[in-house]
Amino acid sequence: MKSFLNVQDLGDLKLALAEAQEIKKERYKYVELGRNKTALLVFFNNSLRTRLSTQKAALNLGMNVIVLDVNAGAWKLETERGVIMDGDKSEHLLEAIPVMACYCDMIGIRSFAGLTDREYDYAETVYNQFVKYSGKPVFAMETATVHPLQAFADLITIEENAPSLTGRAGGESLPKVVLTWAPHPKSLPQAVPNSFAEWMNAADVDFVITHPEGYELDPKFVGNARVEYDQKKAFEGADFIYAKNWSCPGVTRPQDYGKILHDYHTMTHWTVDAEHMSWTNNAKFMHCLPVRRNMIVTDDVIEAPTSLVIPEAANREISATVVLKRILQSL
Ligand code: CP
């Protein structure tokens, strides 16, 4: 695997899920695979889970790890070509990438959307520059439009909590998974909901997306999902509620790309609370974290036994181990 950005990059999803369970049972099984190999993890943005789980995954595979925080100690990097570099950015990504590639065997990238130029973000400009100029396998640790390591961990978590997801006898109903928008005071990227939608479309689930009008996700990620603007109707019969805020994807009104369309104080009826969960089929609550409590979800819902936020985070180590293993096997 030379690039990990989308669900198709993993090939057969059932095989990948089986591999995740194999690694979960024996997570050092492939510790010899990464001997004398180095993973470079490049962070343009903050992280807790991705930073720790990806390092742990590399260690599970016997690799060395180098972490670079671009905005803390490295030269500030210009990412756009053609810019006259008379500002605070001392180095261009086009030199920095091949230099970074000299010191490693694979590169993980965290580079969030700028949320001002939809075309630039949705072309995955920064990620694709790493693919083009490094000559090394590259994997997304949340890029402008996707967060596949998170979505893979979410799918592992859903499978573990819905035993009927794989090996289901014919005629059994699919688990109902609902992705719901929830309010937030800041403008957030669409990477997590995009990937979650993409991966749920590829899985054996009944998938519904609910959000206020104007927050329509890009059709390439919505796929065959049902979109329901009435949050209560969407929640009815749900087995899993996946909450996340996202800013306007600019699908219907490109000029609104990256904006918050309503003052969040007026949108608190979208916050997932106990009443919302009572509309469901005793659903499990999910969120990728970090989460703003009593904004996205109330204390009682996230602390309930039905909350899966910690198992999801734990499964980040497993999803990353599978992905890094596949990359090592392709070197
Ligand atoms: N869910 C997730 O990617 O967390 P971090 O931003 O802390 O890495």
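Fair warning: this is a prediction, and the values are worked out from it, not measured in the lab. (Residues numbered from 1 in each chain as written. Predicted model: local features only at pLDDT ≥ 70, side-chain atom pairs only at ≥ 80, totals over all residues. Heavy atoms only, no water.)

Student: An account of the overall build of the protein is requested, with residue identities and associated values reported.
Tutor: Each helix and strand counted, the protein has twelve helices and twelve strands in total. For 331 residues, the compact-globule estimate of 2.2 N^0.38 gives 20 Å, and the C-alpha radius of gyration of the protein, at 20 Å, lies within 12% of that figure. Relative to its full complement of 331 residues, the protein shows a buried share of 54%. Partitioning the contacts of the protein with sequence separation of at least 6, the portion at a separation of at least 24 is 77%. Of the roughly 14,200 Å² of accessible surface on the protein, a fraction of 51% belongs to carbon and sulfur atoms. Positive and negative side-chain charges of the protein, numbering 34 and 42 respectively, have mean locations separated by a distance of 4 Å. (Helix = DSSP H or I, 4+ residues; strand = E, 2+ residues; numbered from the N terminus. Rg over C-alpha atoms; globule rule 2.2 N^0.38 Å. Buried < 20%, exposed > 50% of the residue type's maximum accessible area, 1.4 Å probe, protein only. Contact = heavy atoms within 4.5 Å. Areas by Shrake-Rupley, 256 points an atom, 1.4 Å probe, with all protein chains shown as cover. Lys, Arg positive; Asp, Glu negative; His and termini not counted. Charge placed at Lys NZ, Arg CZ, Asp CG, Glu CD.)

Student: Can you explain the site of the ligand? Please cite residues and give values.
Tutor: Looking at the ligand, the residues that line it are Ser47, Leu48, Arg49, Thr50, Arg110, His147, Gln150, Cys288, Leu289 and Arg316. Thr50 has a polar side-chain atom sitting 2.7 Å from an oxygen atom of the ligand. In the complex, 93% of the free accessible area of the ligand, which totals 250 Å², lies under the protein chains. Residue contributions to the shell around the ligand reach at least three from each of two domains, namely domain 1 (3–146 + 316–330) and domain 2 (150–312). (Near = heavy atom within 4 Å. Polar contact = N/O pair within 3.5 Å; in protein donor to acceptor, adjacent residues only side chain to side chain. Domains from an automatic or database assignment.)

Student: Give a description of the domain arrangement of the protein that names residues and reports values.
Tutor: The accessible area lost on association of the parts is a frequent measure of interface size. As assigned here, the protein comprises domain 1 (3–146 + 316–330) and domain 2 (150–312). In this structure, domain 1 and domain 2 have C-alpha centres spaced 25 Å apart. Opposite the 30 residues of domain 1 that make contact, domain 2 presents 34 residues. With both sides pooled, the region where domain 1 packs onto domain 2 buries about 2,500 Å², and carbon together with sulfur makes up 60% of that total. Considering only the side of domain 1, the residues that lose the most area to domain 2 are Leu115, Arg118 and Tyr122, jointly responsible for 27% of the buried surface there. Inspection of the region where domain 1 meets domain 2 yields three salt bridges. Close ionic contact of Lys24 with Glu160 constitutes a salt bridge, the shortest N to O distance being 2.7 Å. Across the domain 1-domain 2 interface, the total number found is 13 residue pairs in polar contact (both at pLDDT 80 or more). (Buried area = accessible area lost by both parts, 1.4 Å probe. Salt bridge = Lys/Arg side-chain N within 4 Å of Asp/Glu carboxyl O.)

Student: Lay out the nonpolar core with the relevant residues and their values.
Tutor: Formed by 84 residues in total, the largest nonpolar core has its most connected members in Phe130, Phe152 and Phe207. Here this core gets seven residues from one element, more than from any other, and that element is helix α12 (residues 309–329). Excluding anything up to four places from it in sequence, Phe130 contacts Val42, Phe44, Leu93, Ile97, Met100, Ile107, Ile109, Gly135 and Val138. Counting 19 residues, the second-largest nonpolar core is a separate cluster that includes Ala234, Phe235, Ala243 and Val301. (Core = buried A, V, L, I, M, F, W, Y, C linked by side-chain atoms within 4.5 Å.)

Student: Can you lay out the sheet that holds strand β7 (residues 138–140) for me, pointing to particular residues and giving the numbers?
Tutor: The strand order across the open sheet built from five strands is β1-β7-β6-β2-β3, with neighbouring strands paired in parallel fashion. Strands with a single pairing partner mark the edges of an open sheet, and in this sheet they are β1 (3–4) and β3 (64–69). The sheet contact formed by β1 and β7 spans two bridges and is parallel. Residue pairing for β7: Ser3 is matched across the bridge by Val138. (Pairing = 2+ DSSP bridges.)

Student: Account for the pairing of strand β9 (residues 206–210), naming residues and giving values.
Tutor: Most of β9 sits inside the fold, with four of its five residues counted as buried. Pairing of strand β8 (residues 176–181) with β9, which is carried by five bridges, proceeds in the parallel orientation. When the bridges of β9 are listed, Lys176 appears paired with Asp206. With helix α7 (residues 191–202) bridging β8 and its parallel neighbour β9, the resulting β-α-β unit is right-handed. As judged from the two bridges shared by β9 and strand β10 (residues 226–227), these two strands associate in the parallel manner. Considered in β10, the bridge of Ile209 is made with Val227. (Right-handed = clockwise from strand over helix to strand, strands pointing away.)

Student: An account of the pattern of salt bridges is needed here, citing residue identities and associated values.
Tutor: Scanning the model with the defined rule gives 17 salt bridges in all. Notably, a salt bridge pairs Arg326 with Glu19, separated by 3.1 Å at the nearest N-O pair. With Arg326 in helix α12 and Glu19 in helix α1 (residues 13–25), this residue pair connects regions lying 307 residues apart in the sequence. Assessed through its relative accessible area of 17%, Arg326 is described here as buried. You can call Glu19 buried: its relative accessible area is 13%. For Arg27, the salt bridge is made with Glu317, and the minimal N-O distance between the two is 3.1 Å. Of this pair, Arg27 sits in the loop between α1 and β2 (38–43) while Glu317 sits in helix α12, placing them 290 residues apart in sequence. By relative accessible area, Arg27 is classed as partly exposed at 26%.

Student: Could you give me a rundown of the packing of α1 against helix α6 (residues 148–161), with the residues and numbers involved?
Tutor: Contact geometry for α1 and α6: axes closest at 11 Å, N-to-C directions at 80°. It follows from the interaxial angle that α1 and α6 lie roughly perpendicular. On α6, the residues that touch Leu13, Ala16, Leu17, Ala20, Gln21 and Lys24 of α1 are Phe152, Leu155, Ile156, Glu159 and Glu160. Here the contact of α1 with α6 is built from residues that sort into seven nonpolar, one polar and three charged. (Axes fitted to C-alpha atoms, helices over the stretch in contact; angles between N-to-C directions. Parallel < 35°, antiparallel > 145°, perpendicular 65-115°, else oblique. Nonpolar A, V, L, I, M, F, W, Y, C, P; charged D, E, K, R; others polar.)

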